[in-house]
Amino acid sequence: RALLAEENFLFAKSLSRQGNFPDAEKHMNLSLTIEPNYGSYLLKSIIEFSYKNDPKEAQKAVYKARELAGSDGTWRYNEGFLLMYTERFDEALKVYEGIIDNSYFNEENTLVEIYKFNEDFLKEHPKMIQSYFILGFLKYKKDLNYPAALEHFDKFIAESVSQPKYLVLRSRAEEYKKELKNLMNL
């Protein structure tokens, strides 16, 4: 059962990467029907958000994935993004701080996917500037890529100045920007 569930999940994941969300969803659901599993719940969160535009269902899937995660922390990235997207910034910051405090095997590959997702998301939704903050935060705290982090924080700060709803994120971004400038001797 576990192998059949995994096979359907991997097929669903491949289909989703090709943008074939209807077929991906079909195989993901089949995988979950055969045996509830971490990967399929993570994929479900992505499909619910990206294809069905339902962040509430996406979040439910993330919490199901969390129950099955073991030592894998990928679910935290999904949760953090969804909290940012739904403008629950204080909660999102706590999740991202938890991401910094924990690492897991193969996390560098997850980060590559997270960066691509947020960059693509910004191209499609340029007003969802919280992705600049996410990119800056992760490049600063996880990758130690200070120049890239500073660039993303600068973009976030510039875009958020006239939007009071981003005040908590903007003040944090300005704090990180100062830290980065000190670290880079600027």
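How each quantity is defined
- Residues numbered from 1 in each chain as written.
- Predicted model: local features only at pLDDT ≥ 70, side-chain atom pairs only at ≥ 80, totals over all residues.
- Heavy atoms only, no water.
- Axes fitted to C-alpha atoms, helices over the stretch in contact; angles between N-to-C directions.
- Helix = DSSP H or I, 4+ residues; strand = E, 2+ residues; numbered from the N terminus.
- Parallel < 35°, antiparallel > 145°, perpendicular 65-115°, else oblique.
- Left-handed = near helix turned anticlockwise from the far one by under 90°.
- Contact = heavy atoms within 4.5 Å.
- 1 Å grid on protein atoms, 1.4 Å probe; cavity = no way out; pocket = protein on both sides within 12 Å on 5 of 7 lines; lining within 4 Å.
- Points joined across faces, edges and corners; volume = space filled by probe spheres on them.
- Nonpolar A, V, L, I, M, F, W, Y, C, P; charged D, E, K, R; others polar.

Draft legend 1. A look at the packing of helix α3 (residues 38–51) against helix α5 (residues 74–85). Their axes nearest at 10 Å, the elements α3 and α5 cross at an angle of 20°. In this view, α3 runs roughly parallel relative to α5, as classed from their interaxial angle. Viewed along their axes, α3 and α5 form a crossing whose handedness is left-handed. Contact residues: α3 offers Y38, L42, S45, I46 and F49, while α5 offers T74, W75, N78, F81, L82 and Y85.

Draft legend 2. Main features of the layout of surface pockets. By volume, the largest pocket is sized at about 1400 Å³. Looking at the lining of the largest pocket, the elements with two or more residues in it are α1 (2–17), α3, α5 and α7 (107–124). It is α7 that contributes the most residues to the lining of the largest pocket, 12 residues altogether. Its residues assigned to classes, the lining of the largest pocket comprises 19 nonpolar, 15 polar and 9 charged.

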